[in-house]
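Take a look at the letters that make up each chain.
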Amino acid sequence: MKVFYTYGSDEKYPFYGGWVEVEADNMKQAHALYRAAYPDREPGILNCADYYTEEQFNRTDMPEVGNRGAFCHRKIWIEGDK
């Protein structure tokens, strides 16, 4: 599955706008991969504005127009899967 972690305007986010795409076997694994790259600022709270499954993400206009003027910053997947 693919999960898209999006960003807003908070200067403490890793990026301004846009998203990071994580490919994993399930949501729990996707969150673990994301957290390994971008640790929680507060325990238990992902360091992003929101996250979407691929189906949810594709129902938005972000794939076409971006998020706050930015697009995909990075893709993360399980080492050895690609």
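Keep in mind it's a predicted model, so treat the numbers as computed, not measured.

### A closer look at helix α1 (residues 27-37)
At step 1: Within α1, burial applies to A30, H31 and Y34. Angular distribution of buried residues about the axis of α1 spans 95°; they occupy a single face of the element. Every exposed residue of α1 that faces more than 90 degrees away from the buried side is listed here: K28 and A36.
At step 2: Capping the start of α1 is the job of one residue whose side-chain oxygen sits 3.2 Å from the backbone nitrogen of K28: N26.

### Here's the deal with the nonpolar core
At step 1: One finds Y5, Y7, V20, V22 and Y34 to be the most contacted residues of the largest nonpolar core, which totals 13 residues.
At step 2: Broken down by secondary-structure element, the contributors of at least two residues to this core are β1 (2-6), β2 (19-23) and α1.
At step 3: Beyond its immediate stretch of four places on either side in the chain, V22 contacts M1, K2, V3, Y5, A30, L33, Y34 and I76.

### Examining the environment of A36
At step 1: With respect to the helices and strands, the residue A36 is situated in helix α1.
At step 2: With relative accessibility at 64%, the residue A36 sits in the exposed group.
At step 3: Put simply, A36 and C48 are 12 residues apart on the chain and 13 Å apart in space, counted from C-alpha to C-alpha.

The rules we used
Residues numbered from 1 in each chain as written. Predicted model: local features only at pLDDT ≥ 70, side-chain atom pairs only at ≥ 80, totals over all residues. Heavy atoms only, no water. Buried < 20%, exposed > 50% of the residue type's maximum accessible area, 1.4 Å probe, protein only. Helix = DSSP H or I, 4+ residues; strand = E, 2+ residues; numbered from the N terminus. Arc of directions from axis to C-beta. Polar contact = N/O pair within 3.5 Å; in protein donor to acceptor, adjacent residues only side chain to side chain. Core = buried A, V, L, I, M, F, W, Y, C linked by side-chain atoms within 4.5 Å. Contact = heavy atoms within 4.5 Å.

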